[in-house]
Structures are given as C-alpha cells and as structure tokens.
Amino acid sequence: MGLLNDFDTFCSNIKLDNLADMKKTTEEIAKKLNTSYYDLDNETELHMYIVGSVGRNTAISGSSDLDILFDLPVNVYRQYNAFSYNGQSALVQAVKKVLKEKYTSTNIRGDGQVVVIAFDKYTIELVPGFKQVDNRFKYPDTHDGGSWKYTDPLSEQSACADCETKSEGKYFDFCHIIRSWKNNIGFKMGGLLIDTLVYDFFDINECFAGSPQKNYLEILQALFEYLKNQDKDRSHWYAMGSH
C-alpha cells in the first residue's frame with residue numbers, strides 16, 4: 001500500500017494546477033479576436049482551441065507555456081493569400097496588432113508561425129489558423145518568403161483521450177511522470193515526442209487495460225526500458241492521431 005500511496009501522491013502533486021486561469025485568459029483573447037474578425041461580442045462562439053500539451057491533458061504543474069489556435073474566417077485567408085510576398089507575415093502582424101489593443105503593456109511579438117504573448121504567469125503562443133473540412137488547420141509560416149502549412153491537433157487530442165480511456169486512467173499519469181522526470185533531469189525533449197513515445201508504449205501493451213495501479217512501478221520500469229531501447233539514430237516519430 002505504501003508504494004501505491006506514493007504514486008497516488010506523486011501523480012496528484014504534478015497535475016496541472018492553473019488550468020482554470022489559463023482557460024479564463026484564453027476566453028478573454030478569444031473574445032477580443034471574435035470582436036475583430038467575426039463582429040461577435042460574446043463567448044458562445046469562441047473559435048478558439050487550446051492545443052499543445054494542455055490541450056492533450058498531458059501538461060504538468062509549473063507549465064509556463066500555453067499553446068492556442070484561433071480559427072479565422074476564410075475571407076481572411078483569401079485576403080492574405082493574395083499577397084504577392086509573405087502574406088503570412090502580414091497576417092501574423094495583423095493578429096498581433098489586434099491583441100496589442102487589449103494588452104497594451106504586455107510584451108507581444110510575432111515569431112515565425114505564432115503570436116507570442118508574454119504574461120507574467122505564463123507565455124501564450126497563439127497560432128492564427130483556418131479550420132479545414134477534415135478538421136486540420138492551415139496556418140501561416142513566415143519563413144523563406146512565407147507559406148501555408150497544416151497541423152492536426154484535434155486528432156492528437158482524440159488519440160490521447162482514447163488511450164486514457166482504454167488504459168483506465170493510466171496514460172495521462174505516465175505522460176505526466178515522464179515530463180516531471182525530464183524536467184528534473186534537465187534535458188530537452190519535446191512534449192509531443194513524450195506523449196507519442198508513451199502512447200506507442202501503451203499501444204503495444206494494449207494500454208495496460210485491467211492492470212491495477214499497484215503495477216505502476218513495473219510499468220514505469222518497462223517504459224524506461226522501452227525509451228532506452230529506442231534507435232538513437234532515428235530522426236522522427238509519427239505523432240499519435242495526426243501521424
């Protein structure tokens with residue numbers, strides 16, 4: 001029981017603890033962008049998506065970054081796509097200007113594909129995008145003269161949620177554990193890669209369905225063995241859901 005209680009306490013202590021505040025800030029930003037781009041002055045149609053590790057429910061306490069994506073109207077895409085050169089950069093700067101109207105004393109900058117809003121509590125990276133019929137999002141990349149790229153965060157969130165259900169609540173715990181371990185050790189490893197590797201490990205083990213929490217140490221040891229045995233020369237992995 002001692003080991004079980006230790007894992008209970010540890011997993012509880014490292015859970016994201018400021019989600020409500022992040023959601024409140026996200027709604028404020030959405031309301032401002034809704035007013036500017038949709039002529040809406042309400043919060044019933046947010047057009048905003050929390051993505052990244054927070055959106056996948058794999059972020060932990062102390063997280064200093066929040067990734068969000070705002071779905072812009074298609075006429076905005078047509079406007080900036082018609083630019084002869086780097087309409088993508090102009091779009092990012094336009095969204096930055098709108099947000100600067102609300103957060104006049106906050107450091108806001110355009111950075112490649114995102115608008116970065118540096119609040120004291122955490123930094124928000126906002127991607128201006130355009131939702132497609134397949135639920136992917138087209139978004140601007142300002143590098144090398146500008147281009148449009150695609151991202152599929154909703155499929156990733158769906159795959160994570162499905163694994164969490166099949167694992168009976170274990171998948172998120174182990175994503176959190178590996179993040180906490182990574183932060184404590186101090187090496188660089190992207191959150192999406194962590195979630196993907198843990199997902200792949202759970203997938204080949206049938207999501208440990210039916211395995212009780214008392215087996216957490218055994219699962220964690222097997223997970224570290226799985227990570228240790230990854231090909232060190234491998235250059236990329238396919239993210240769950242979006243591939």
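In the block above lies the structure referred to throughout.
Residues numbered from 1 in each chain as written. Predicted model: local features only at pLDDT ≥ 70, side-chain atom pairs only at ≥ 80, totals over all residues. Heavy atoms only, no water.

A.B. asks: Please set out the overall build of the protein residue by residue, giving values where relevant.
C.D. replies: Helix and strand content of the protein: 9 helices and 7 strands. Rg of the C-alpha trace for the protein: 20 Å, near the compact-globule value of 18 Å for 243 residues, within the 12% margin. Buried positions account for 46% of the 243 residues belonging to the protein. A separation threshold of at least 6 residues defines the contact pool for the protein, and within that pool the share at least 24 residues apart is 61%. Split by element, the accessible area of the protein, about 12800 Å² in all, is 46% carbon and sulfur. Seen as two clouds, the 26 positive and the 34 negative side-chain charges of the protein have centres 5 Å apart. (Helix = DSSP H or I, 4+ residues; strand = E, 2+ residues; numbered from the N terminus. Rg over C-alpha atoms; globule rule 2.2 N^0.38 Å. Buried < 20%, exposed > 50% of the residue type's maximum accessible area, 1.4 Å probe, protein only. Contact = heavy atoms within 4.5 Å. Areas by Shrake-Rupley, 256 points an atom, 1.4 Å probe, with all protein chains shown as cover. Lys, Arg positive; Asp, Glu negative; His and termini not counted. Charge placed at Lys NZ, Arg CZ, Asp CG, Glu CD.)

A.B. asks: Help me get a handle on helix H8 (residues 191-204), residues and values and all.
C.D. replies: Taking 1.5 Å of rise per residue, 14 residues should cover 20 Å, and H8 covers 20 Å from first to last C-alpha, within 8% of that figure. Residues of H8 that are buried include every one of Ile 194, Asp 195, Thr 196, Leu 197, Val 198, Tyr 199, Phe 201 and Phe 202, and no others. Of the surrounding elements, those touching the buried residues of H8 are helix H6 (153-166), helix H7 (171-185) and helix H9 (216-228). The first or second residue beyond H8 is Glu 206, which carries a positive phi of 55°. (Expected span 1.5 Å × (residues − 1).)

A.B. asks: Give a detailed account of the state of the cysteines, specifying residues and quantitative values.
C.D. replies: Here is the idea: a disulfide is a covalent bond, and it sits between the sulfur atoms of two cysteines. Applying the stated criterion across every chain yields a total of 0 disulfides. The thiol of Cys 207 is unpaired, and the distance to the nearest cysteine sulfur, on Cys 163, comes to 3.7 Å. (Disulfide = S-S within 2.5 Å.)

A.B. asks: Quick one: what's the story with the nonpolar core, residue by residue and with numbers?
C.D. replies: The tendency in soluble globular proteins is for nonpolar side chains to be buried side by side. Core analysis: the biggest nonpolar cluster contains 32 residues, and Ile 29, Leu 33, Val 95, Leu 99 and Leu 126 have the highest contact counts within it. Of all the elements in the fold, those that place two or more residues in this core are helix H2 (19-38), strand S1 (48-51), strand S2 (65-71), helix H4 (74-81), helix H5 (87-102), strand S4 (114-118) and strand S5 (123-131). Of the residues forming this core, the biggest block, 6 residues, is contributed by H5. Residues in contact with Ile 29, not counting those within four places in the same chain, are Met 48, Ile 68, Leu 99, Tyr 103, Ile 117, Ile 124 and Leu 126. Listed in part, the 28 residues of the second largest apolar core include Cys 160, Tyr 171, Ile 178 and Ile 219. (Core = buried A, V, L, I, M, F, W, Y, C linked by side-chain atoms within 4.5 Å.)

A.B. asks: Please give an account of the environment of Gly 112 that cites residues and values.
C.D. replies: You can see Gly 112 is positioned in the loop between strand S3 (107-111) and S4. Expressed as a C-alpha distance, the spacing of Gly 112 and Pro 140, which sit 28 residues apart in the sequence, is 8.2 Å. If sequence neighbours within four positions are ignored, Gly 112 has contacts with Val 92, Pro 140, Asp 141, Thr 142 and His 143.

A.B. asks: So what's going on with the layout of surface pockets? Which residues, and what values?
C.D. replies: By volume, the largest pocket is sized at about 900 Å³. The wall of the largest pocket is formed by 35 residues, among which Gly 52, Ser 53, Arg 56, Asp 67 and Glu 125 lie closest to the centre. Per element, the largest residue contribution to the lining of the largest pocket is 4 residues, and it comes from S2. Of the residues assigned to the lining of the largest pocket, the class counts are 14 nonpolar, 13 polar and 8 charged. (1 Å grid on protein atoms, 1.4 Å probe; cavity = no way out; pocket = protein on both sides within 12 Å on 5 of 7 lines; lining within 4 Å. Points joined across faces, edges and corners; volume = space filled by probe spheres on them. Nonpolar A, V, L, I, M, F, W, Y, C, P; charged D, E, K, R; others polar.)

A.B. asks: Report on the packing of H7 against H8, specifying residues and quantitative values.
C.D. replies: Where H7 contacts H8, the two axes come as close as 10 Å, and the packing angle between them is 135°. The angle between H7 and H8 places the two elements in the oblique class. The two elements H7 and H8 cross, and the hand of that crossing is right-handed. Contacts from Tyr 171, Phe 174, Cys 175, Ile 178, Arg 179 and Lys 182 in H7 reach Gly 191, Leu 192, Ile 194, Asp 195, Val 198, Tyr 199 and Phe 202 in H8. Of the residues belonging to the contact of H7 with H8, the class tally is 9 nonpolar, 1 polar and 3 charged. (Axes fitted to C-alpha atoms, helices over the stretch in contact; angles between N-to-C directions. Parallel < 35°, antiparallel > 145°, perpendicular 65-115°, else oblique. Left-handed = near helix turned anticlockwise from the far one by under 90°.)

This is a description of form; function is not addressed.
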